[in-house]
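Geometric and topological summary
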Amino acid sequence: MSETLLVNALPGEMRVALLENGEVREIHIERSAGRGLVGNIYSGKVVRVLPGMQAAFVDIGAERTGFIHQSDLAEAMSAKSGNGTERHSAIGDYLRQGQKLLVQATRGPLGDKGARLSSSLSLSSRCLVFLPGSARLGISQRIDAAAERARLLSCLREALALEGLGESGGYILRTAAEGSDLATLRAELRYLQRLWARVRRCSQESTAPGLLYADLPLHLRIVRDRAASTLERVLVDHPPSLQELRDFCGEYLPELCERLQAYRGERPLFESFGAEVAVREALERRVELDCGGFLVIDQTESMTTIDVNTGSFVGGADPVETVLQTNLEAATMVARQLRLRNLGGIIVIDFIDMSGREQRRQLESALRESLQRDPSPTTFSGMSDLGLAIVSRKLTGKNLLQTLGEECPRCLGRGAIKSARTICYDIAREVNRVARTGEKVELLVQAAPAVVALLRGEEAPCLAQVCAATAARVRLQPEPLYGQEHFDIAML
Ligand SMILES: [Zn+2]
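Residues numbered from 1 in each chain as written. Predicted model: local features only at pLDDT ≥ 70, side-chain atom pairs only at ≥ 80, totals over all residues. Heavy atoms only, no water.

1. Things to note about the sheet that holds strand β17 (residues 294-299)
The sheet built from six strands is open, its strands ordered β16-β17-β18-β19-β21-β20 with mixed pairing. Looking at which strands have only one partner, the edges of the open sheet turn out to be β16 (286-288) and β20 (378-383). Between one strand axis and the next, the sheet turns by 20 degrees as a mean value, whatever way the strands run. For β20 and strand β21 (residues 388-393), the ladder comprises four bridges, and the chain directions are antiparallel. Bridge assignment links F380 to a residue of β21, and that residue is V391. Packing of helix α8 (residues 319-341) onto the sheet brings it into contact with β16, β17, β18 (303-309), β19 (345-350) and β21, and relative to β18 it is tilted by some 150 degrees. (Pairing = 2+ DSSP bridges. Helix = DSSP H or I, 4+ residues; strand = E, 2+ residues; numbered from the N terminus. Axes fitted to C-alpha atoms, helices over the stretch in contact; angles between N-to-C directions. Contact = heavy atoms within 4.5 Å.)

Here it is in structure tokens:
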């Protein structure tokens, strides 16, 4: 398998597409507006110690001064755990005004409060978190198989021994470590050590306050997390981003340097490799299949449902064969869309009914095979008698629709609004209610043009009857700026 990464940058937005053998498999998008200070490491300078609050203000060179509490001071914590008994030490024992302090932002600035800081640092790679000041080895609670937990921990111990890093600090295996091998962990240990060495060097050389380390931007993170063995080339259409990649690979991943290339084609990068089309399609509810059938993908808060339809596909003379072919094509497309859209959690797929046991078996194995190519872990335990397949896929970050979309202001996420006819009846009921509050009242009804047209046409008898029963008079006024569900009734 050969992989290509496309890196497309605009000021404020970075997009990366992963191609496998020329086909778009993954889309990643990051906006700089969504990146905060959390995780950044600073060389800070204590500007004020607040003994009453057991805290201190620390200048980190950001707009607002950061804040550190004694409970987030590594020095205070190790003193506490060191002698076993609770010492009532004051923050002034550890910090004084003007002191330089290495800190990491644990919470972003909020309102007029500055960032919350900690002097217990952590650096992460894809599978590991490195805790320089600690000595413990831990593992994510979300990896639950006992055998896998034991395997990973012993793999990590072996990797640490082989890299000569036994005493280097604490490590935590992240959820993404599930299934990873010795070589991967060793490579990540080397990366983390180089990173840590650089942070320390910068902290010695720079004057406080200043930023020493920021979590990697998207393009660097993806290059770091891809297996160097399968990544064939990285095409970049933005010279400053290419330079960042060159600097980054030069320092941490030298084997990738020669695979970084500037893209100089005439057509935009994402267009010429089909990635632009893939992004567009991955936001659609309906996905066409080559055979003429289609999928309808609906995302709700708790799950995703995918409905398979034959559409215009009539195939050959054999209807059983037609259905099987559509279902098989759908199985491949479902796996592809899950990855492209980064859909996680429970996914329910409603295939077209097939009575044949042999065909059902064929479909199950086609779906299983397509899901196996997904690097994000999935589970599929077979189809139900009703032809439903339930797949679960590990959640990693936001899905594409959440990244690029926002709730529809018209329907507020319902996916439908009341029809014009429904609004006509709502109006008739409301006219009836208001008209009964007086005698021979005159009302002005303002509503969307489509609603007024119905009230003057097909639904006129309904309104006329209400008016006759209540002796009210109604004037209708179309309001082009009203949404369909919006109407007002005023007494004149
Ligand atoms: Zn809507």
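Now that the structure is up, let's keep going.
2. Details of the confidence of the model for the protein
Mean pLDDT over the protein: 89, with 95% of residues reaching 70 or higher. The secondary-structure element of the protein with the lowest mean pLDDT is helix α1 (residues 74-83), recorded at 62, while strand β15 (residues 260-262) shows the highest, at 97. (pLDDT = per-residue confidence, 0-100.)

3. A word on the environment of N327
Relative to the helices and strands, N327 resides in helix α8. Separated by 32 residues in the primary sequence, N327 and Q359 have C-alpha atoms spaced 9.7 Å apart. Beyond its immediate sequence surroundings of up to four residues, N327 is in contact with V308, F351, I352, M354 and L363.

4. Some details on the coordination of the zinc ion
Each angle at a metal carrying four tetrahedral donors should ideally be 109.5 degrees, and each at a metal carrying six octahedral donors should ideally be 90 or 180 degrees. Those donors, C408 (SG) and C411 (SG), are the protein atoms that reach the zinc ion, and they lie 2.2 Å from it. Looking at C411, the relative accessible area reads 8%, which means it is buried. (Donors = N, O, S within 2.8 Å, 3.2 Å for Na, K, Ca; no water. Buried < 20%, exposed > 50% of the residue type's maximum accessible area, 1.4 Å probe, protein only.)

5. Here we look at the sheet that holds strand β12 (residues 170-173)
Pairing is mixed in the open sheet, where four strands are placed in the order β9-β10-β12-β11. Single-partner strands in this sheet number two, and they are β9 (123-124) and β11 (137-139). Examined bridge by bridge, β9 and strand β10 (residues 128-131) share two bridges and lie antiparallel to one another. If you follow L123 over to β10, its bridge partner there is F130. Sheet strands in contact with helix α3 (residues 182-205) are β9, β10 and β12, and its direction is about 40 degrees off that of β10.

6. Things to note about the packing of helix α4 (residues 218-225) against helix α5 (residues 239-252)
Contact pair α4 / α5: the axes reach a minimum separation of 10 Å and the direction vectors enclose 40 degrees. Put simply, α4 runs oblique to α5. Along this stretch, α4 crosses α5, giving a crossing that reads as right-handed. Counted together, H219, L220, V223 and R224 of α4 and S241, E244, L245, F248 and C249 of α5 form the full contact between these two elements. Each residue belonging to the contact of α4 with α5 can be placed in one class, and the counts come to five nonpolar, two polar and two charged. (Parallel < 35°, antiparallel > 145°, perpendicular 65-115°, else oblique. Left-handed = near helix turned anticlockwise from the far one by under 90°. Nonpolar A, V, L, I, M, F, W, Y, C, P; charged D, E, K, R; others polar.)

7. As for α3
Here α3 spans 35 Å end to end across 24 residues, near enough to the 34 Å set by a 1.5 Å rise per residue. Among the residues of α3, those classed as buried are L185, E188, L189, Y191, L192, Q193, L195, W196, V199 and S203. (Expected span 1.5 Å × (residues − 1).)

8. Considerations on the nonpolar core
Grouped together as the largest cluster of nonpolar side chains are 49 residues, with contacts concentrated most on L173 and V234. Counting residues per element, this core draws most heavily on α3, which supplies seven residues. Mapped onto the domain boundaries, this core takes at least three residues apiece from domain 1 (3-35 + 218-276) and domain 2 (41-211). Once residues lying within four places of it in the same chain are set aside, the contact partners of V234 are L5, V7, V223, L245, R259, L260 and Q261. By size, the runner-up hydrophobic cluster in this structure holds 29 residues, among which are A335, I349, M354 and F380. (Core = buried A, V, L, I, M, F, W, Y, C linked by side-chain atoms within 4.5 Å. Domains from an automatic or database assignment.)

9. Remarks on unusual backbone geometry
A cis amide bond links A208 to the next residue, P209, at an omega of -5 degrees. Inspection of the secondary structure assignment puts P209 in the loop between α3 and β13 (210-213). Non-glycine residue N342 carries a positive phi angle of around 55 degrees. Summarising the element assignment, N342 is placed in the loop between α8 and β19. Residue classification places N342 among the buried residues on the basis of a relative accessible area of 18%. For A471, which is not glycine, the phi dihedral falls at a positive 60 degrees. Turning to its location among the elements, A471 is positioned in the loop between α13 (460-470) and β23 (473-478).

10. So, the domain arrangement of the protein
Here the protein is described as being made up of domain 1 (3-35 + 218-276), domain 2 (41-211), domain 3 (283-404) and domain 4 (420-491). Once you take the C-alpha centre of each, domain 2 and domain 4 turn out to be 65 Å apart.

11. Digging into the pairing of β17
Two elements, β16 and β17, share three bridges in a ladder whose sense is antiparallel. Each bridged residue has a counterpart across the sheet, and for R286 the counterpart in β17 is V296. Hairpin remark: β16 followed by β17, antiparallel, with five residues in the connecting loop; positive phi at G292, about 105 degrees. Sheet topology note: the β17/β18 ladder contains six bridges and is antiparallel. Each bridged residue has a counterpart across the sheet, and for F294 the counterpart in β18 is N309. The turn linking β17 back onto β18 is made up of three residues.

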